[in-house]
Amino acid sequence: MQGEVTAAGNEISDSFRAAKHRSDQVLAELDKNPSRYTMLTGDRPTGRLHLGHYFGSIRERVQMQNRGVHTNIVIADYQVITDRDTTEHIRDNVLNLVLDYLAAGIDPRKTMIFTHSSTPAENQLLLPFLSLVTEAELHRNPTVKAEMEASGHALTGLLLTYPVHQACDILFCKANVVPIGKDNLPHVELTRTIARRFDERYPGQAPVFPEPDAILSDTPEIPGLDGRKMSKSYGNSIMLGATAEETAKLIRKSPTDSERRITFDPVNRPQVSALLTTAGLVTDRKPEDIAEEIGDAGSGALKAYVTKSVNEFLAPHRERRAELAKDMDTVRDILVEGNKRANQIAEETLDQVRSAMGMRY
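Residues numbered from 1 in each chain as written. Predicted model: local features only at pLDDT ≥ 70, side-chain atom pairs only at ≥ 80, totals over all residues. Heavy atoms only, no water.

## Points about the overall build of the protein chain
- Each helix and strand counted, the protein chain has 14 helices and five strands in total.
- In terms of overall dimensions, the protein chain is globule-like: its C-alpha atoms have a radius of gyration of 22 Å, near the 21 Å expected for 361 residues.
- Judged by the C-alpha coordinates and their principal axes, the protein chain covers about 75 × 60 × 45 Å.
- Expressed as a percentage of the 361 residues in the protein chain, the buried residues total 48%.
- Partitioning the intrachain contacts of the protein chain with sequence separation of at least 6 by distance along the chain shows that 76% fall at a separation of at least 24.
- Surface summary for the protein chain: the accessible area is close to 18,100 Å², and the carbon and sulfur share equals 51%. (Helix = DSSP H or I, 4+ residues; strand = E, 2+ residues; numbered from the N terminus. Rg over C-alpha atoms; globule rule 2.2 N^0.38 Å. Buried < 20%, exposed > 50% of the residue type's maximum accessible area, 1.4 Å probe, protein only. Contact = heavy atoms within 4.5 Å. Areas by Shrake-Rupley, 256 points an atom, 1.4 Å probe, with all protein chains shown as cover.)

Here's what the structure looks like:
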């Protein structure tokens, strides 16, 4: 039994290494000719964006956009109900996502921002795509398993099939690069499988869909202020749009431990190390160096340093965000225009799909 586990672990490791090698190759090619690449990323509007979102994905989206990649961001409002029973506050959440995107440097003239619920042609791709995957393949997806366990709900059809819905997001705009963390690699692999199976089942003069490549982020997982995974539901996240006072209060309340000397030890001192990691990200310093600097000054000095560093880092974002929020009509217009553009692209792709399937009458 131990041998089987080891073999499986090696297989996963080898698979990840191969994916990382391919990711590095694609990034090198992308730097030479960015206009050849189309990127799709997105967020579920379940709440406000936090520092983990910024360092984990938002910053990279801005960099890709500014390189000249064709960038697209889906606000996955339909996916809110994969594991939730309500859409309360969803409109407010969507508009706040757009505000944070714009404040972070997303340019709507270069990046298309759109919502699921406003692009019916994209969602219609789900029907032919579902015919290309098996029930066993859907049940094997590790993210579906994890989210089902976390939600405490019965497995809904939407949660089971949401990796296929994500394939619709990626393929409707012919995205060929998808920036992700390691945990989401199975989603891109399933999207590649769907693209390949569609083009094999309905061969035409040219393939309809590209097989997208995963761009694996080098950003480590960013812990919340309590040492656990950063999550809105844990209340351990520093929101991009929070005030300086709200941020200071949250950091003051964050747990540490009884040792006075500050050291960076994620295994044995996860809470102290989480604060050091946060400070390191926003100051572009090594957490170990910050710990050495604070030394025997204790957790109070550490929290004061983190508070000052985070608030200085977020001050420009908050200032831009506040200015943008004075004109919410323009923010809504940006979303309307993005939805319009997304619909045009989705209709063209759906027309190609129907032609390939012989369903144009």
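So, next bit.
## Remarks on unusual backbone geometry
- Positive phi values are uncommon outside glycine, yet His89 reaches one of about 70 degrees.
- Following the sequence through the fold, His89 ends up in the loop between strand 2 (70-75) and helix 3 (90-104).
- The class of His89 is exposed, set by a relative accessible area of 53%.

## Focus: the pairing of strand 3 (residues 111-115)
- Buried residues dominate strand 3, accounting for five of its five residues.
- Looking at chain direction, strand 2 and strand 3 are connected through five bridges and run parallel. Counterpart to Thr71 in the pairing with strand 3 is Thr111.
- Following the chain from strand 2 across helix 3 to the adjacent parallel strand 3, one finds a crossover that is right-handed. (Pairing = 2+ DSSP bridges. Right-handed = clockwise from strand over helix to strand, strands pointing away.)

## As for the state of the cysteines
- If you walk through the whole model with that rule in mind, you get zero disulfides.
- Its sulfur unpaired, Cys168 is 11 Å from the next cysteine sulfur, which belongs to Cys173.
- Overall, Cys173 belongs to the buried group, its relative accessible area being 9%. (Disulfide = S-S within 2.5 Å.)

## Overview of helix 3
- If you check helix 3, its first and last C-alpha atoms are 21 Å apart, about what 15 residues at 1.5 Å a residue would give, namely 21 Å.
- A positive phi of about 120 degrees marks Gly105, the residue just after helix 3. (Expected span 1.5 Å × (residues − 1).)

## Quick word on the pattern of salt bridges
- Throughout the structure, instances matching the rule amount to 22 salt bridges.
- When the shortest N-O distance is used, the salt bridge between Asp351 and Arg360 registers 3.4 Å.
- Overall, Asp351 belongs to the partly exposed group, its relative accessible area being 31%.
- Each of Arg22, Glu29, Arg192, Arg196, Glu211 and Asp213 takes part in salt bridges that share partners, so that together they form one network. (Salt bridge = Lys/Arg side-chain N within 4 Å of Asp/Glu carboxyl O.)

## Quick word on the side chain of Thr278
- Within the element layout of this structure, Thr278 appears in helix 11 (residues 270-283).
- Judged by its relative accessible area of 4%, Thr278 falls in the buried class.
- Once residues within four sequence positions are removed from consideration, Thr278 is found in contact with Leu51, Pro223, Leu225, Ile238, Val306 and Val310.

## So, the nonpolar core
- Core analysis: the largest hydrophobic core is formed by 44 residues, its most contacted members being Leu51, Ile75, Tyr101 and Leu302.
- Tallying contributions element by element places helix 3 first for this core, with nine residues.
- Core analysis: the second largest hydrophobic core is formed by 37 residues, Leu40, Met112, Ala167 and Ile170 among them. (Core = buried A, V, L, I, M, F, W, Y, C linked by side-chain atoms within 4.5 Å.)

## Focus on helix 13 (residues 298-324)
- An ideal rise of 1.5 Å per residue puts 39 Å on 27 residues; helix 13 measures up with 39 Å between its terminal C-alpha atoms.
- Residue Ala315 marks the point of greatest curvature in helix 13, where the axis turns by about 40 degrees; the proline Pro316 follows within four residues. (Bend = angle between axes of the 7 residues up to and from the residue.)

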